[in-house]
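Listed below, chain by chain, are the residues.
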Amino acid sequence: MKRIEDYLEGVKTAAIAGHVNPDGDCVGSCLGVKNYLADNYPDIQADVYMTGMKDIFRYIRYSDAVLEKAEEGKVYDLLILCDISSRDRINVAGPLVDTAKATLCLDHHKTNTGGYTWFYNFPEASSASEVIYGFLDPEKISCACAEALYTGIVHDTGVFQYSNTSGHTMEVAGALMEKGVDFTHIIDRTFFEKTFVQRKILGRVMENAVLHLDGRVISGVVTLADRKSCGAGAGDTEGIASELRSTKGVETAVFLYQMDSSHFKVSLRSQDIVDVSLICSEFGGGGHTRAAGCTIEGSSPEAIVEQLVSRIQKQLEA
Ligand code: 5GP
Ligand code: MN
């Protein structure tokens, strides 16, 4: 197994970046790498790029050093990409792929098609954070680095609940716990705790949710009007798709979030039959077998739900 150190020879400057709308795994994997480099390779200038990081992740060391904009013309020796899923989803650091001297992409999205100097993709891994752990020397992982990676694993597994959780995931999480991470705080304050606005928008979605195909599929929608009346933004709906799926009898959940008058962000979640990454790929998105996303153009949520349900039906009947 290769280690991250194998790619650091002669590297003086490194950029670390993840995907747009960073979730816990994106934040955890990027800051995990940042902490590891800062602890063990202090001579390397390592910049983390991320936009829209939630304040709940501020306990992670170096979260305050995150850059929101890439300096014009800056050329890095190495660009490290974590959890990106696809090239068009890379955050503000996207243009660095063309200018960096080399790019190392570490991911766990089966729809990631690569195209980097070094590309290591493990779709069976729970999270990018679990992948990153495999590239680090366990002896050199500090508590701060462990807190970042543990956060990523907790978020992408829904606190070790989703089917992407393996025995190996638990071993990695156990090893990170041994570093002294405050797991109670991480799980409670960043995964379970929600703001009042998040509770309101979840309630709105559940109140108007619809069952399809004899209750095997459920759909929920957040419209512009819902957003306005609850005061909710994009970051407030995380977790709703999984909540929908946890409905008795449901195999697949469809969640639509209206971005503007003609675009919906789609999140699909499935239990154990439907490969939702195939459906989202068809619409230019991607993700994992049981959790994927895409953006669909249209103004009628009902029509979009219908298109998605018919594709889910095909898979259920196959
Ligand atoms: P979510 O539904 O939570 O936005 O995303 C579920 C999974 O699908 C995540 O792993 C996310 O990275 C991936 N994903 C979501 N939207 C897109 C998209 O538009 N394109 C690609 N390639 N992946 C996506
Ligand atoms: Mn991830």
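These numbers were taken from a predicted model, which means no experiment stands behind them.

Student: Got a sec to walk through the pairing of strand β11 (residues 291-297)? Specific residues and values, please.
Tutor: In this structure, strand β9 (residues 263-270) lies alongside β11, joined through seven bridges in antiparallel fashion. Bridge pairing in β11 places Phe264 opposite Ile296. Bridge count between strand β10 (residues 286-287) and β11: two bridges; the pairing is antiparallel. Within β11, the residue paired with Gly287 across the bridge is Ala292.

Student: Run through the domain arrangement of the protein chain, naming residues and quoting values.
Tutor: Note: interface size is frequently given as the accessible area lost on complex formation between the parts. For the protein chain, the domain assignment lists domain 1 (4-192) and domain 2 (197-317). Distance between the C-alpha centres of domain 1 and domain 2: 27 Å. A combined buried area of about 970 Å² lies between domain 1 and domain 2, and 38% of that area is made up of carbon and sulfur atoms. For Lys54, the salt bridge is made with Glu238, and the minimal N-O distance between the two is 3.2 Å.

Student: Go over the sheet that holds strand β3 (residues 78-82), please, and point to the residues and values.
Tutor: Backbone-to-backbone hydrogen bonds pair the strands of a sheet. The strands run either parallel or antiparallel. The five strands are arranged β2-β1-β3-β4-β5 in an open sheet whose pairing can be described as parallel. The open sheet has two free edges, formed respectively by β2 (45-49) and β5 (118-121), since each of these has just one partner strand. Along the sheet, successive strands turn relative to each other by an average axial angle of 15°, direction set aside. Where strand β4 (residues 103-107) meets β5, four bridges bridge the pair, whose relative direction is parallel. Counted as the bridge partner of Leu106 is Tyr120 from β5. Across the sheet, helix α1 (residues 24-40) is in contact with β1 (13-17), β2 and β3; its angle to β1 comes to roughly 155°.

Student: Quick rundown of the packing of aromatic side chains? Include the residues and the values.
Tutor: The final tally for this structure, using the stated rule, is seven aromatic pairs. One aromatic cluster is present, formed by Tyr7, Trp118, Tyr120 and Phe135 through successive ring pairs. Here Lys34 stacks its cationic end above the ring of Tyr62, 4.9 Å away from the centre of that ring. The residue whose ring lies beneath Lys194 is Phe191, and the NZ or CZ to ring-centre distance is 5.9 Å.

Student: Tell me about the coordination of the manganese ion (ligand 2), and please be specific about residues and values.
Tutor: Those protein atoms acting as donors to the manganese ion (ligand 2) are Asp25 (OD), Asp83 (OD), His108 (NE2) and Asp156 (OD), and they sit at 2.1 to 2.4 Å. Of note, the manganese ion (ligand 2) draws all its donor residues from one chain, in the sequence arrangement D-x57-D-x24-H-x47-D. Of this pair, His108 sits in the loop between β4 and β5 while Asp156 sits in helix α4 (residues 143-156), and the two are 48 residues apart along the sequence. Residue His108 shares its accessibility class with Asp156, and that shared class is buried.

Student: Please set out the site of ligand 1 residue by residue, giving values where relevant.
Tutor: The environment of ligand 1 is made up of 15 residues, and the closest members are Ser85, His109, Lys265, Ser267 and Arg269. At 2.9 Å from a nitrogen atom of ligand 1 is found a side-chain nitrogen or oxygen belonging to Ser85. With respect to ligand 1, the side chain of Ser86 contributes an N or O atom lying 3.3 Å from a nitrogen atom. Within the complex, 84% of the 490 Å² of free accessible area of ligand 1 lies under protein. Within the residue set of the shell around ligand 1, elements represented by two or more residues are β9, β10 and β11. Here the element with the most residues in the shell around ligand 1 is β11; it accounts for four residues. Viewed by domain, the shell around ligand 1 spans two of them, domain 1 (4-192) and domain 2 (197-317), each represented by three or more residues.

Analysis parameters
- Residues numbered from 1 in each chain as written.
- Chains lettered and ligands numbered in written order.
- Predicted model: local features only at pLDDT ≥ 70, side-chain atom pairs only at ≥ 80, totals over all residues.
- Heavy atoms only, no water.
- Pairing = 2+ DSSP bridges.
- Helix = DSSP H or I, 4+ residues; strand = E, 2+ residues; numbered from the N terminus.
- Domains from an automatic or database assignment.
- Buried area = accessible area lost by both parts, 1.4 Å probe.
- Salt bridge = Lys/Arg side-chain N within 4 Å of Asp/Glu carboxyl O.
- Axes fitted to C-alpha atoms, helices over the stretch in contact; angles between N-to-C directions.
- Contact = heavy atoms within 4.5 Å.
- Phe/Tyr/Trp six-rings, centres within 6.5 Å; stacked < 30°, edge-to-face > 60°.
- Lys NZ or Arg CZ within 6 Å of the ring centre and 35° of its normal.
- Donors = N, O, S within 2.8 Å, 3.2 Å for Na, K, Ca; no water.
- Buried < 20%, exposed > 50% of the residue type's maximum accessible area, 1.4 Å probe, protein only.
- Near = heavy atom within 4 Å.
- Polar contact = N/O pair within 3.5 Å; in protein donor to acceptor, adjacent residues only side chain to side chain.
- Areas by Shrake-Rupley, 256 points an atom, 1.4 Å probe, with all protein chains shown as cover.

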